[in-house]
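Listed here are the chains, written in short residue letters.
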Amino acid sequence: RLFRQEGTCYQEAKRVLHAAVPDRLHGRDGETGTIRQFLREHVCGRRPGSLYISGAPGTGKTACLSRVLLDCKDELAGSQTVVLNCMALGSPQGVFPAVAQRLGLPAAAGRDGVRRLEKQLTAPGPMVLLVLDELDQLESKGQDVLYTLFEWPQLPGSRLVLVGLANALDLTDRSLARLGARPAGSPRLLHFPPYTREQLAAILQERLGQVTGDPILDAAALQFCARKVSAVSGDARKALDVCRRAVEVVELEVRSQTLLKPLPGGE
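Residues numbered from 1 in each chain as written. Predicted model: local features only at pLDDT ≥ 70, side-chain atom pairs only at ≥ 80, totals over all residues. Heavy atoms only, no water.

Topic: the pairing of strand β3 (residues 128-133)
Then comes step 1: Here β3 lies mainly inside the structure; six of its six residues are buried.
Then comes step 2: Of the two faces of β3, the one holding Val128, Leu130 and Leu132 and the one holding Leu129, Val131 and Asp133 are both buried throughout.
Then comes step 3: Of the pairings in the sheet, the one linking strand β2 (residues 80-85) to β3 comprises six bridges and is parallel in character. Within β3, the position partnered with Leu84 by the bridge is Leu132.
Then comes step 4: Bridge count between β3 and strand β4 (residues 160-166): five bridges; the pairing is parallel. Looking at β4, one finds that Leu130 is bridged to Leu162.
Then comes step 5: A crossover connection joins β3 to the parallel β4 through helix α6 (residues 144-151); in handedness this β-α-β unit is right-handed. (Buried < 20%, exposed > 50% of the residue type's maximum accessible area, 1.4 Å probe, protein only. Helix = DSSP H or I, 4+ residues; strand = E, 2+ residues; numbered from the N terminus. Pairing = 2+ DSSP bridges. Right-handed = clockwise from strand over helix to strand, strands pointing away.)

Shown next, in the form of structure tokens:
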């Protein structure tokens, strides 16, 4: 009973240090506002368009977009939302049958499947919000897949709003150069910079502040972790992982001390 009582705070700390989508993302108010405004202008305003979100791993791209989608759920209720992680696709061309399936169409492969999707996305109906995470997984010879996707919002009568997320800052310049030759052809760009030391420290303090009782990790330790991670990558997930591992180490020490503690009144 003593161990379970002492161990409750450690379980709670490990839970809050997991990289789930929080209610508020520190240091990302500007990016969150840009995404929200884009969705309102294009999805709610029925204006097809595309947004490319770039940034290194752990900079909050997916978390910010997920937070906005949750907050704007009622506003987006009149549209169809399709979210795909391109890492899960067997090949770049696999994105077309995957999108068709989510839209309730037969998942035909090849040119027929692409044409059927284009016909669907240019026919009258609700706006379609297509979110493609890990977009750089769709790079292929000639970049036909990426060009097709980013050209869909420019088709006459299109009702597609495309949001792509990837690590590379220059994917649109490097792989989609010819989109810029068309009026309004290039996607809108939004870059997520690495988290600073102050932002990482605020994230860690906010997460661990949800745990009841005395602080588990010293404030100086959190500052040290934030400083080291910001110097290497600015990856918030890495900082959360380091702190979660530290909590596990402390928990193991407490467990071993409790197991070795003599029973009251014992010899």
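Considering the nonpolar core
Then comes step 1: Among the nonpolar cores identified, the biggest contains 43 residues, and Ile35, Leu39, Ile53, Leu129 and Val163 are the most heavily contacted of them.
Then comes step 2: The biggest single contributor to this core is helix α10 (residues 236-260), with six residues.
Then comes step 3: When residues of this core are assigned to domains, at least three map to each of domain 1 (5-24 + 195-260) and domain 2 (29-191).
Then comes step 4: If we ignore the near neighbours within four places in the chain, the residues touching Val163 are Phe38, Leu39, Leu51, Ile53, Leu65, Leu129, Leu130, Val131 and Leu132.
Then comes step 5: By size, the runner-up hydrophobic cluster in this structure holds 30 residues, among which are Phe96, Ala100, Phe150 and Ala168. (Core = buried A, V, L, I, M, F, W, Y, C linked by side-chain atoms within 4.5 Å. Domains from an automatic or database assignment. Contact = heavy atoms within 4.5 Å.)

Here's the deal with the packing of helix α8 (residues 197-208) against helix α9 (residues 219-232)
Then comes step 1: The contact between α8 and α9 brings their axes to 8 Å, and the two run at 135°. Judged by the angle between their axes, α8 and α9 are oblique. Between α8 and α9 lies a crossing whose hand is right-handed. Residue-level contacts link Arg197, Leu200, Ala201, Leu204, Gln205 and Leu208 of α8 to Leu222, Gln223, Cys225, Ala226, Arg227, Val229 and Ser230 of α9.
Then comes step 2: Of the residues in the contact of α8 with α9, the class split is eight nonpolar, three polar and two charged. (Axes fitted to C-alpha atoms, helices over the stretch in contact; angles between N-to-C directions. Parallel < 35°, antiparallel > 145°, perpendicular 65-115°, else oblique. Left-handed = near helix turned anticlockwise from the far one by under 90°. Nonpolar A, V, L, I, M, F, W, Y, C, P; charged D, E, K, R; others polar.)

A word on the side chain of Glu251
Then comes step 1: Along the chain, the position of Glu251 falls in helix α10.
Then comes step 2: When its relative accessible area of 6% is taken as the criterion, Glu251 is described as buried.
Then comes step 3: In terms of polar contacts, Glu251 uses its side chain to reach the side chain of Gln11, at 2.7 Å.
Then comes step 4: Not counting residues within four places of it along the chain, the set of residues in contact with Glu251 comprises Tyr10, Gln11 and Lys14. (Polar contact = N/O pair within 3.5 Å; in protein donor to acceptor, adjacent residues only side chain to side chain.)

Some thoughts on unusual backbone geometry
Then comes step 1: Phi angles above zero are rare outside glycine, and Arg46 is one such case at about 55°.
Then comes step 2: Tracing the backbone through its elements, the reader meets Arg46 in the loop between α2 (29-44) and β1 (49-55).
Then comes step 3: The backbone of Glu134 shows a phi angle near 55°, a positive value even though the residue is not glycine.
Then comes step 4: Checked against the element boundaries, Glu134 lands in the loop between β3 and α6.

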